[in-house]
Structure formats: structure tokens, C-alpha cells
Amino acid sequence: MANISDKQRNHFMLRGPLSKRGYDWWWHSFTAEDEETGEEKPFFIEYFTCNPDLAEDEPILGQHPGRKKDGKKPSYLMVKAGWWGEDATQLHRFYPWKDVTLPYDTNLNLSAPECSLTETHMTGTVTVSKEEAAAHPEYMSDSGSMIWDLNIDKKVAFNVGYGASKFFQRLNAFEMFWHAEGMKTEYSGMIICNGRRYIVKPKTCYGYADKNWGGDFTSPWVWLSSNNLTSLLTGKKLENSVFDIGGGRPKVLGVALNRKLLSDFWYEGKSYEFNFSKFWTFCRTKFECSETDTEVLWHVRQETTSAIMDTKISCQKKDMLFVNYEAPNGQKLHNRLFNGGNGVGIIELYRKKGGKTELIDRVEAKNIGCEFGEYGELGE
């Protein structure tokens, strides 16, 4: 069901049980160019909301030592911004809910001091000093600064289907919901990163935008996506293509399913979807994620009655970071969640017809957004 827009799924969702034990976030990633040197650098920006009905006058940070005594759960808007590469950095700014405007049941329109987000535009500024980062481990943040002012033009959506429909939303059926309104997104504007200015251009940003919400995270956690794709059969750039893979071990109504992924390859205007919830397609998935001393590796093979997608990706550890989140219950179990934006790999896409398998294309992918992690012990 790729490229079916559904902006309702991008609405603010934290009501009912999720208002006191829920998160809702909007993620953006893209590549920008150094204004002076032209050097490319991948960036990410995320607006992460948590437990609005537990709000106090100041942000409640779940990793603060005081939480062991008072038992309070986290409650805030966290603006996460940063970049990948050998100087990979994540920066966090926290707002109390009294400083946030974020209406329900309407198109996304978030605002807070020096920070905003809609479907078509976002601004923000985050600065964390070395002294602050060292003195406040509960910030889960590195040090540095980033300012942005960006237009957002979402070109291709990945709609996972009825699994994230209003009916299942009302039931809070899944522990972690996913919708990619802009799995191919063109950003434009500027970034100032530690004082250096970067330009974001629509055709070379290879942008991505999605949303997750729910009551907890998944383990394992897998994500892979890129629209910087080139056919190895013809040598041509695939200008109207993007792939997106996500999931791990979903929980439905509290019951953990076997390891499963959702994915779609929007290949030159045609969708090849691999979605376990669409049982009539007999979707089968095998995936393996591993690491060497220097790389993180993904191998995903998915098959339906009509297509096969075989994806092999790698990313250099030196270009990645361990992305930090705490769950709405205050626990931080993902302590080795690899996160990167410089992945590379090969995708083989096949069609199945009349009992035969035919190669559609063998594709080189670059600028791949990528994640992998599994739960560890508390504080590990």
C-alpha cells in the first residue's frame, strides 16, 4: 500500500492510556552540503513527546537519580538533533508540556520556544555545553549546537495498511506503531552545525520522514531506508524509487509475535510490498543483523507470492552512534541501539510469475538510514 498518504496517522496520538504511558515522535533524516567546501554530511532531527498527562512545571527526566526515590515517569517534549560521521553527535533539548502547543485531531502543528514542526516546515535550535552534558547524564546527550530552518516536501509514503488504522489505534493494539508519510522526502533550507553552515537541497538530500508511537519499543529494532539508488543493470539513477524496511518483534495486544519486518520497495513508480499483516500475500521474512569490529551488517530476505527482495547492507561503526531513548515507564533498555546515515548496500528485486523467478533489478544503495539494537540489562 505504498504511496498512499494518510496524514491522520501523523496526528498527535497521546490520549487515553497513552497519555500516561505513551510516546509519539516524528523523525527526519537527510544529507546536507557544507556551504564552503561542498562536503556532504548526514543529519537527523526528531520531535519526541512523552506522557503529557504526567506533566509538571519542569520536564520530568526518567534517568535522573531522583526517579529512584520518587518513582515519577518521564514527561516532556524532547527535541533530538544531530549528525552522523566520524564526529557523530546527538543533542537533546527538553521542554515541559506547559511550554508546548500540540493539538489533537488536526494536521501536525507543534510549537515550543525556538522550535516548531508541521507537515511542510520545521525549525529549531539545540545547544548543550560540555559542562552540561557531563553534569547531567539524564539528558542522554552529547555536547554541541545545531540550528535549522527547513521546508519539507513529502513525495512517497509507506502506508503499512490496516495495522495502523483508526480501529487499531483506538485499541492500542500494537506496542509500537509505524507510519512513513515521507519515506522519500525533499528537504530544502539550512543547518548551522557547531557554527558551520550547511545547505539542504531537494534533489541531493535523500530525505526521509516517518513517525512512531505507542507504549514501548521493540527488540530487536531494525530500520533501513534510502532513495539514493542506482541500477547496476543499466547504470542509471533511479529517480522515482525508495525502499523502507522496519520492525523487529512486534507485540499485538500484549502478545509478542515472531521476528517480523514490514517493507516496501517503491521501484520507479510501482510498489513491491512485503507486509506480514497482509496474510493473503503469504509474506515470509528472514533477517540477520550482526557486527564485526568495524561494521554493522544487515541481511534481509523477504518473499511474497509475487516478488522477492534480498537486501544486504553495511555501515561503518565509526560513522554511527548509539541513539538514546527512554521508554514511557522510565526504563532505558536500548543501550546499544546502533544508528547511522551512511549505510551502503545492494538490493536484488525479483518478480515471480508462472512458477518462474525473474530479476527486475540489482540496485546499489547509498546514504542509507540504518538502525539495529536489542535490549540489554538496565544501565548496561
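Since the structure is predicted, the reported quantities are computational estimates derived from the model, not experimental observations.

A. Representation of the packing of aromatic side chains within the structure. Summed over all chains, the structure comprises 30 aromatic pairs. When the centroid spacing of 5.8 Å and the interplanar angle of 35° are considered together, the rings of F12 and W97 count as tilted. Residue F12 is found in the segment before β1 (23-34), and its partner W97 is found in the loop between β4 (89-95) and β5 (109-112); the two are separated by 85 residues along the sequence. Here F12 and W97 have matching classes, each one buried. Ring centres of F243 and F265 lie 6.4 Å apart, and the angle between their planes is 55°; on these two criteria the pair is classed as tilted. Pair noted here: F243 is in strand β14 (residues 242-248) and F265 is in strand β17 (residues 260-267), with a separation of 22 residues, a long-range link.

B. Focus on empty space enclosed by the protein. What the rule picks out here adds up to four cavities of 30 Å³ or more. Of the volumes computed, that of the second largest cavity is approximately 120 Å³. Of all elements in the fold, only β1, β11 (207-214), β12 (221-226) and β24 (356-373) reach the threshold of two or more residues within the lining of the second largest cavity. By residue class, the composition of the lining of the second largest cavity is nine nonpolar, nine polar and no charged.

C. Seen up close, the layout of surface pockets. Estimated volume of the second largest pocket: approximately 230 Å³. Lining the second largest pocket are G62, Q63, H64, P65, R67, K68, G71, K72, K73, N329 and G330. Broken down by class, the residue content of the lining of the second largest pocket amounts to one nonpolar, six polar and four charged.

D. Representation of the nonpolar core within the structure. F30, Y47, M122, W148 and I191 are the most contacted members of the largest nonpolar core, which has 41 residues in total. Non-local contacts of F30, meaning those with residues more than four positions away in its chain, are made with K41, P42, F43, I45, M122, L150, Y187, I191, V200, C205, Y206 and G207.

E. Layout of unusual backbone geometry. Here S219 and P220 are connected by a cis peptide whose omega angle stands at 0°. By the element assignment, P220 lies in the loop between β11 and β12. Although it is not a glycine, Y206 adopts a positive phi angle of roughly 50°. Inspection of the secondary structure assignment puts Y206 in the loop between β10 (196-200) and β11. Not every positive phi belongs to a glycine, and E268 is a case in point at roughly 50°. Structurally, E268 is set in the loop between β17 and β18 (270-274).

F. Highlighting the pairing of strand β9 (residues 176-193). Counting buried positions along β9 gives 15 out of 18 residues, so the element sits mostly inside the fold. Bridge count between strand β8 (residues 144-158) and β9: 11 bridges; the pairing is antiparallel. Bridged to K154 within β9 is T185. Of the strand pairs in this sheet, β9 and β10 are connected by five bridges, and their pairing is antiparallel. Looking across to β10, one finds that C193 is bridged to R196. The loop that links β9 with its antiparallel partner β10 comprises two residues; one of these, N194, has a positive phi angle of about 50°.

G. Structural view of the pattern of salt bridges. Taken as a whole and judged by the stated rule, the model has 24 salt bridges. The salt bridge involving K211 is made with D24; its shortest N-O contact spans 2.7 Å. Note that K211 is positioned in strand β11 and D24 in strand β1, a separation of 187 residues in sequence. Judged by relative accessible area, which is 0%, D24 ranks as buried.

What counts, and at which threshold
Residues numbered from 1 in each chain as written. Predicted model: local features only at pLDDT ≥ 70, side-chain atom pairs only at ≥ 80, totals over all residues. Heavy atoms only, no water. Phe/Tyr/Trp six-rings, centres within 6.5 Å; stacked < 30°, edge-to-face > 60°. Helix = DSSP H or I, 4+ residues; strand = E, 2+ residues; numbered from the N terminus. Buried < 20%, exposed > 50% of the residue type's maximum accessible area, 1.4 Å probe, protein only. 1 Å grid on protein atoms, 1.4 Å probe; cavity = no way out; pocket = protein on both sides within 12 Å on 5 of 7 lines; lining within 4 Å. Points joined across faces, edges and corners; volume = space filled by probe spheres on them. Nonpolar A, V, L, I, M, F, W, Y, C, P; charged D, E, K, R; others polar. Core = buried A, V, L, I, M, F, W, Y, C linked by side-chain atoms within 4.5 Å. Contact = heavy atoms within 4.5 Å. Pairing = 2+ DSSP bridges. Salt bridge = Lys/Arg side-chain N within 4 Å of Asp/Glu carboxyl O.

All we've got here are geometric facts, nothing functional implied.
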